Amino acid sequence: MNIGFAMCGSFCTFHKAFEAMREVARIHTVFPILSERSSTLDSRFGTAAAHIETAGAICGRPPLLTIPQVEPIGPKKLLDALVIAPCTGNTLAKLAHSIG
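Residues numbered from 1 in each chain as written. Predicted model: local features only at pLDDT ≥ 70, side-chain atom pairs only at ≥ 80, totals over all residues. Heavy atoms only, no water.

A.B. asks: What is the right way to read the overall build of the protein from this model?
C.D. replies: What the protein contains, in helices and strands, is five helices and three strands. Listed N to C, the secondary structure of the protein is β-α-β-α-α-α-β-α in terms of helices and strands. The C-alpha radius of gyration of the protein comes to 13 Å, within 12% of the 13 Å expected for a compact globule of 100 residues. Viewed in the frame of its principal axes, the protein has a C-alpha envelope of about 35 × 30 × 20 Å. By the burial criterion, 29% of the 100 residues in the protein qualify as buried. Long-range pairs, those at least 24 residues apart, make up 72% of the contacts in the protein between residues at least 6 apart in sequence. When the accessible surface of the protein is split by element, carbon and sulfur atoms take 59% of a total near 6,200 Å². For the protein, the separation between the mean place of its 9 positive charges and that of its 7 negative charges on side chains is 4 Å. (Helix = DSSP H or I, 4+ residues; strand = E, 2+ residues; numbered from the N terminus. Rg over C-alpha atoms; globule rule 2.2 N^0.38 Å. Buried < 20%, exposed > 50% of the residue type's maximum accessible area, 1.4 Å probe, protein only. Contact = heavy atoms within 4.5 Å. Areas by Shrake-Rupley, 256 points an atom, 1.4 Å probe, with all protein chains shown as cover. Lys, Arg positive; Asp, Glu negative; His and termini not counted. Charge placed at Lys NZ, Arg CZ, Asp CG, Glu CD.)

This is the structure in structure tokens:
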């Protein structure tokens, strides 16, 4: 299966999200996706560059970081499932209300 693994900016839980990503990547083809915040902001939990590098190393491919990179996913049906972890309250609310 082709699994998208999207990460939002809840930096304090990235270590757990990366553990989950590793588990999924052992069984499936994983496409890492990092939100704008998670791919550009440094925090006390690591740098944006380190998070990008870690996701790429786990999945064996560079993460998708921009809207133009992720836009084809839906229309081309590139994924069988999408994991969002960590999923911030802001992202969850947007999904619940169909806000882009």
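The rest of the description comes next.
A.B. asks: Sorry if this is basic, but what is going on with the environment of arginine 61 here?
C.D. replies: Note that arginine 61 resides in the loop between helix H3 (48-59) and helix H4 (67-70). Residue arginine 61 is classed as partly exposed on the basis of its relative accessible area of 27%. As a C-alpha pair, arginine 61 and threonine 40 span 21 residues in sequence and 18 Å in three-dimensional space. Excluding residues within four positions of it along the chain, arginine 61 makes contact with Thr29, Val30, Phe31, Pro32, Ala55 and Gly56. One polar contact links the side chain of arginine 61 to the main-chain carbonyl oxygen of valine 30, over a distance of 3.1 Å. (Polar contact = N/O pair within 3.5 Å; in protein donor to acceptor, adjacent residues only side chain to side chain.)

A.B. asks: Is there a simple way to think about the pairing of strand E1 (residues 2-7) in this case?
C.D. replies: The side chains of a regular strand alternate between both faces of the sheet. Counted residue by residue, E1 has five buried out of six residues, so it is predominantly covered. Pairing geometry for E1 and strand E2 (residues 29-34), over six bridges, is parallel. Bridge assignment links glycine 4 to a residue of E2, and that residue is phenylalanine 31. Note on the crossover from E1 through helix H1 (residues 14-27) to E2: the handedness is right-handed. Relative to strand E3 (residues 81-84), E1 runs parallel, the two being bridged by four bridges. Bridge pairing in E3 places glycine 4 opposite leucine 82. (Pairing = 2+ DSSP bridges. Right-handed = clockwise from strand over helix to strand, strands pointing away.)

A.B. asks: Looking at this structure, I do not really get the packing of H1 against H3. What am I missing?
C.D. replies: To describe two helices that pack against each other, one gives the angle between their axes and the distance between the axes. Relative orientation of the contacting elements H1 and H3 amounts to 20°, with a least axis distance of 9 Å. One way to sum up the angle between H1 and H3 is to call them roughly parallel. Remark: the crossing between H1 and H3 carries right-handed chirality. Of H3, the residues touching H1 (which contributes Phe14, Phe18, Met21, Arg22 and Ala25) are His51, Thr54, Ala55, Ile58 and Cys59. Among the residues making up the contact of H1 with H3, the classes are represented as seven nonpolar, two polar and one charged. (Axes fitted to C-alpha atoms, helices over the stretch in contact; angles between N-to-C directions. Parallel < 35°, antiparallel > 145°, perpendicular 65-115°, else oblique. Left-handed = near helix turned anticlockwise from the far one by under 90°. Nonpolar A, V, L, I, M, F, W, Y, C, P; charged D, E, K, R; others polar.)

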